[in-house]
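Structure assessment
Listed here are the chains, written in short residue letters.
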Amino acid sequence: MAILTEAMRERIRAYLPRYPSKQAVVLPALHVVQDELRCVPLEAVREIAEMLDLHPAQVQDTLSFYGFFRDEKHPLGRKRVWVCRSLSCMLRGGEELLRDLSARLGVKPGETTPDGRITLEFAECLGQCEGAPCLMIDDEVHGPLTTEQALELLKRAEEAS
Amino acid sequence: MSFEPVLLRNRGVPDVQRLEVYQQRGGYRALEKALRMSPAEVVQVVKDSGLRGRGGAGFPCGVKWTFLPKDHSGPIYLCVNADESEPGTFNNRILMEEDPHQVLEGITISAYATRATTAYIYLRYEYGRCYRTMQRAVDEAYAAGLLGRNILGRSDFHLDVYLHRGAGAYICGEETGLIESLEGKRAWPRIKPPFPAVEGAFRKPTIVNNVETLACVTHILDRGADWFKSIGVPPDPNNPRDLGSYGPKLYCISGHVNNPCCVELPLGVTARQLIEEHGGGVWKGRKAKAVVPGGISMGFLSESELDTPLDFIGPTKVGCLGLGTAAVIVIDDQTSMVDVLYNSCRFFRHESCGQCTPCREGTEWMTKILARIRRGQGELSDLDQLLEIANGIGITPGTTICGLADGAAWPVKNALTKFRAEFEEYIRHHGRHHDQR
Ligand SMILES: Cc1cc2nc3c(=O)[nH]c(=O)nc-3n(C[C@H](O)[C@H](O)[C@H](O)COP(=O)(O)O)c2cc1C
Ligand code: SF4
Ligand code: FES
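Attention here is on the structure that accompanies the text.

Basis of the calculations
Residues numbered from 1 in each chain as written. Chains lettered and ligands numbered in written order. Predicted model: local features only at pLDDT ≥ 70, side-chain atom pairs only at ≥ 80, totals over all residues. Heavy atoms only, no water. Helix = DSSP H or I, 4+ residues; strand = E, 2+ residues; numbered from the N terminus. Buried < 20%, exposed > 50% of the residue type's maximum accessible area, 1.4 Å probe, protein only. Contact = heavy atoms within 4.5 Å. Areas by Shrake-Rupley, 256 points an atom, 1.4 Å probe, with all protein chains shown as cover. Lys, Arg positive; Asp, Glu negative; His and termini not counted. Charge placed at Lys NZ, Arg CZ, Asp CG, Glu CD. Pairing = 2+ DSSP bridges. Near = heavy atom within 4 Å. Polar contact = N/O pair within 3.5 Å; in protein donor to acceptor, adjacent residues only side chain to side chain. Nonpolar A, V, L, I, M, F, W, Y, C, P; charged D, E, K, R; others polar. Axes fitted to C-alpha atoms, helices over the stretch in contact; angles between N-to-C directions. Buried area = accessible area lost by both parts, 1.4 Å probe. Salt bridge = Lys/Arg side-chain N within 4 Å of Asp/Glu carboxyl O.

We now examine the overall build of chain A. Looking only at helices and strands, one finds 7 helices and 4 strands in chain A. Element order for chain A, N to C, with α for helix and β for strand: α-α-α-α-β-α-α-β-β-β-α. Taken along the three principal axes of its C-alpha coordinates, chain A extends 50 × 30 × 25 Å. Burial statistics for chain A: of 161 residues in total, 55% are counted as buried. The contacts of chain A with a sequence gap of at least 6 include a subset with a gap of at least 24, amounting to 61%. Approximately 7,200 Å² of chain A is accessible, and the part contributed by carbon and sulfur atoms is 53%. Where the 20 positive side-chain charges of chain A centre and where its 26 negative ones centre are 1 Å apart.

Residues and elements named next belong to chain A. Most of strand 1 (residues 79-84) is tucked away, with 6 of its 6 residues classed as buried. Side chains of strand 1 alternate between two faces, with Lys79, Val81 and Val83 and Arg80, Trp82 and Cys84 buried alike. Strand direction decides the pairing type here: strand 1 and strand 2 (residues 118-123), joined by 6 bridges, are parallel. Bridging from a neighbouring strand, Arg80 pairs with Thr119 of strand 2. Where strand 1 meets strand 3 (residues 135-137), 3 bridges bridge the pair, whose relative direction is antiparallel. Along strand 3, the bridge assignment pairs Val81 with Ile137.

Residue and element names in this part refer to chain B. Neighbouring ligand 1 are 19 residues, the closest being Gly55, Asn81, Asn209, Asn210 and Thr213. In the model, an oxygen atom of ligand 1 is placed 2.7 Å from a nitrogen or oxygen of the Gly55 main chain. Computed on the free molecule, ligand 1 has an accessible area of 610 Å², of which 88% lies beneath the protein chains in the complex. Taken together, the residues that form the shell around ligand 1 break down as 4 nonpolar, 9 polar and 6 charged.

Next up on the list: the sheet that holds strand 7 (residues 248-255) of chain B. In sheet architecture, strand pairing relies on hydrogen bonds along the backbone and comes in two forms, parallel and antiparallel. Residue and element names in this part refer to chain B. The 5 strands lie next to each other as 8-7-11-9-10, forming an open sheet whose pairing is mixed. Every other strand in the sheet has two partners, leaving strand 8 (261-266) and strand 10 (301-302) as the edge strands with one partner each. Sheet analysis places strand 9 (residues 288-292) next to strand 10, joined by 2 bridges and oriented antiparallel. Looking across to strand 10, one finds that Val291 is bridged to Leu301.

Moving on, we get to the sheet that holds strand 3 (residues 160-165) of chain B. Residues and elements named next belong to chain B. Spatial strand order, 3-2-1-4: 4 strands in an open sheet with parallel pairing. Where the open sheet ends on each side, the last strands, each with one partner, are strand 3 and strand 4 (206-210). Averaged over neighbouring strand pairs, the angle between their axes works out to 20° when direction is ignored. Judged from the 6 bridges that link them, strand 2 (residues 118-123) and strand 3 form a sheet pairing that is parallel. Across the sheet, residue Ala119 finds its bridge partner in strand 3, namely Val161. Against the sheet, helix 9 (residues 211-223) engages strand 1 (77-82) and strand 4, with an angle of about 90° to strand 4.

Contacts between the two partners involve 39 residues from chain A and, on the opposite side, 57 residues from chain B. Taken together, the two surfaces of chain A and chain B that pack against each other cover about 4,000 Å², and 54% of this comes from carbon and sulfur. Counting every contact that joins chain A to chain B gives 7 salt bridges. Asp61(A) is paired through a salt bridge with Arg186(B); the nearest N and O atoms lie 2.6 Å apart. Our count for the contact surface shared by chain A and chain B stands at 26 residue pairs in polar contact (both at pLDDT 80 or more).

Our focus in this paragraph is the environment of Trp283(B). Take Trp283(B): it is sitting in the loop between helix 11 (271-278) and strand 9. Take Trp283(B): its relative accessible area is 15%, and that puts it in the buried class. When the C-alpha positions of Trp283(B) and Asp332(B) are compared, they lie 7.9 Å apart, and in sequence the two are 49 residues distant. Trp283(B) has contacts with Leu91(A), Arg92(A), His256(B), Val257(B), Asn258(B) and Asp332(B), leaving out every residue within four places of it along the chain. Within polar-contact distance, the side chain of Trp283(B) engages the side chain of Asp332(B) at 2.8 Å.

Turning our eyes to something else, we now look at the pairing of strand 4 of chain B. All names here are of chain B. A large share of strand 4 lies buried, amounting to 5 of its 5 residues. Across the two faces of strand 4 the burial is the same, with Thr206, Val208 and Asn210 and Ile207 and Asn209 all buried. Inspection of the sheet shows strand 1 paired to strand 4 by 5 bridges, in the parallel sense. Bridge assignment links Tyr77 to a residue of strand 4, and that residue is Thr206.

Structure (structure tokens):
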């Protein structure tokens, strides 16, 4: 059974005219799928490959290079939180923020809370070092934050979506 | 001396992200001016300005553009490097979030000069706000005839601009890693030559430039090469390899200062000036122990080296790798350099693409050795081991394909020469016989 919906296929096809090769659409396609399904199942890899005239192994190769994409055994929670651990943040409490959030959410970096709400991740420099320590919720960075502020922000982000 | 900002002149102006407001403030005047010139003339102006790339390597921008094959049948691509991931660096983000049309104008002028007909903005995924701001600016520019076919009524100038989002990998900032990633493959940097100008994206001639470099192009066209050269530091006449450090630069200041920020200043300001006059001084009334001069890859300045001018040559005179991204990270005197170096090594181990064994294994070993030292199981001989690994990896010794390995090695080399006593002390104090702590 097809896993890519017609709407997803439409979004992926819309990228094709932008590039001289179909393969260039692999990364945009993986983003489309993970945005919708919170992971990229193997069947989606096969279907993307078919759409782009590639071997599934080529799509899988790209997917697995970026730690960003999740397989179906490790889907993302509804919110993905990345805590920066690189130097500018580390100097201002980034590692403590990661440790405390991990304790409060009861998950290790890389894991998702059992209720499927939140996936916690560590990040390398998020490019907002003037706001250290910072974290990213989905694709927006916030900081500087205490653990309490981070939890509050997360709650509001969950309510907003 | 106060400096009137150029790249950040629109910072804080309400709604300047909107085309109308940007144009009211003189926006797209430089593009009109460029279009009255031939592409070759625009290249010449940029060459004359002495503009050097802001992405880390400092290569002269106009010179790079002349490496494109003459009379190529096309297409030629422009790749805008907006992958900005070097720890400590955030100036590209500020440019894109706060003044997107300034960046877009520079892209359009540069595409005209290089005869590129498609520009891809390779944007790191984490810059979601930039993505949305830049996409709105692109849409507005298309609607106003500033992008697309027959730009500003010129039947011979067409340009498409597309945003391409990354997926969280530092190596996509290396220009050929970027190209591989754009092509939908894993971001393994390519062996050079061929350089991208000859064979780049989709095997076509390609220019890769940093966001800030392209923003500078806008102002060079607007105000002229002589204006650009009136800012910054001319080449040292006694050093034939010094190409000068002209123009304004966005310096990022982070870490242990009272006021972490991004400021625009003429190239050549010292680290001490940045910390004292712009960063609000070292926090908590402390002193700086070490300062990263231009992103973690560049290594460390010691306290006594803080008067080093941060131009393209200055940091190399005190053993650092270079100016890099001009991102200054301040480390106070209460911080352990062992912890700092571990953090640096862990970053590069995580970000090595794994293609070259010396880099993949070297970053792994260095991280493991430092982890062992931090666990209190270090030995003095570990320090020589670390140096030996660091000296063996990178483009410098010729063992790797890209400069990530040099960036991994430099902090190790600098730390173990400039702060060796602290490492020895740490190992003696936390050494094996204190295991029971
Ligand atoms: C490991 C590595 C990472 C890099 N990351 C970036 C980056 O994020 N942004 C950037 O502009 N240049 C980066 N560079 C430099 C690019 O390879 C290239 O020199 C630059 O984009 C050229 O643009 P410029 O001449 O305008 O500076 C990186 C280089 C290396 C070796
Ligand atoms: S030096 Fe490191 S990051 Fe660069 S290509 Fe080799 S393995 Fe990859
Ligand atoms: S080090 Fe955390 S955002 Fe740069």
